[in-house]
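These are the residues of each chain, in order.
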Amino acid sequence: MAVRVLFVCLGNICRSPTAEGVFRALIREAGLEDEYVVDSAGTGSWHIGQSPDARAAAACSRHGIDISAHRARQVRAEDFENFDWILACDEENLADLNRMKPAASRARTALLMPFAGNPADRVVPDPYYGGAADFESTVHRAQHACRGLLAALQKARGV
Ligand code: 4NP
């Protein structure tokens, strides 16, 4: 059965679409597209229906990742049934998710960044009020974390 992974940030226009794009690229390269269901969402509602932030799309594009087709959506109650892993970009996202999580949900909520394996790096900082370098850093962080995440999930699947 496919492993279902949801990446979550605040607006779903910068960090989580980047993480989704990075993870999709990794599973495509590894020939694992049929083994994973991948999506992203935001805890906030401000950007519902919008395309990714142009600066995030440009940073992804520089790494050969096209996130332009993504449209922002908000986290919804069904996500806690429909996903096995719900991975938050920062502590606020994680706290919001844990507040929303129904008691019966078997979804595992966690921070994304610790999968990179560097204990000093806990979060993907919000690049929204930053510049191009911050969006570049978002891609790098997502790459490190998603590589570790995929390795951990593959190990958990016993492959
Ligand atoms: P994201 O970035 O959570 O990485 O998508 C943000 C996008 C929008 C806002 C904040 C962060 N905002 O305040 O509108």
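Here, the structure is the one placed above.
Here's a quick rundown of the structure. The structure presented is a predicted model; accordingly, all values stated were derived computationally and were not measured. (Residues numbered from 1 in each chain as written. Predicted model: local features only at pLDDT ≥ 70, side-chain atom pairs only at ≥ 80, totals over all residues. Heavy atoms only, no water.)

Here we come to the site of the ligand. Contacts to the ligand come from C9, L10, G11, N12, I13, C14, R15, H47, D126, Y128 and Y129. Interatomic distance of 2.9 Å between a backbone N/O atom of L10 and an oxygen atom of the ligand. Contacts to the ligand include H47, whose side-chain N or O atom sits 2.8 Å from an oxygen atom. Computed on the free molecule, the ligand has an accessible area of 350 Å², of which 91% lies beneath the protein chains in the complex. (Near = heavy atom within 4 Å. Polar contact = N/O pair within 3.5 Å; in protein donor to acceptor, adjacent residues only side chain to side chain. Areas by Shrake-Rupley, 256 points an atom, 1.4 Å probe, with all protein chains shown as cover.)

On to the nonpolar core, then. The biggest cluster of nonpolar side chains holds 36 residues, and the ones touching the most others in it are F7, F23 and Y36. Counting only elements with at least two residues in this core, the list comes to β1 (3-9), α1 (15-29), β2 (36-42), α2 (54-62), β3 (85-88) and α5 (132-156). With eight residues, the single largest contributor to this core is α5. Discounting residues that sit within four places of it in the chain, F7 has contacts with S16, A19, E20, F23, V38, D39, S40, A41, L87, L112, C146 and L149. Membership of the second largest hydrophobic core comes to twelve residues, among which are F80, F83, I86 and A88. (Core = buried A, V, L, I, M, F, W, Y, C linked by side-chain atoms within 4.5 Å. Buried < 20%, exposed > 50% of the residue type's maximum accessible area, 1.4 Å probe, protein only. Helix = DSSP H or I, 4+ residues; strand = E, 2+ residues; numbered from the N terminus. Contact = heavy atoms within 4.5 Å.)

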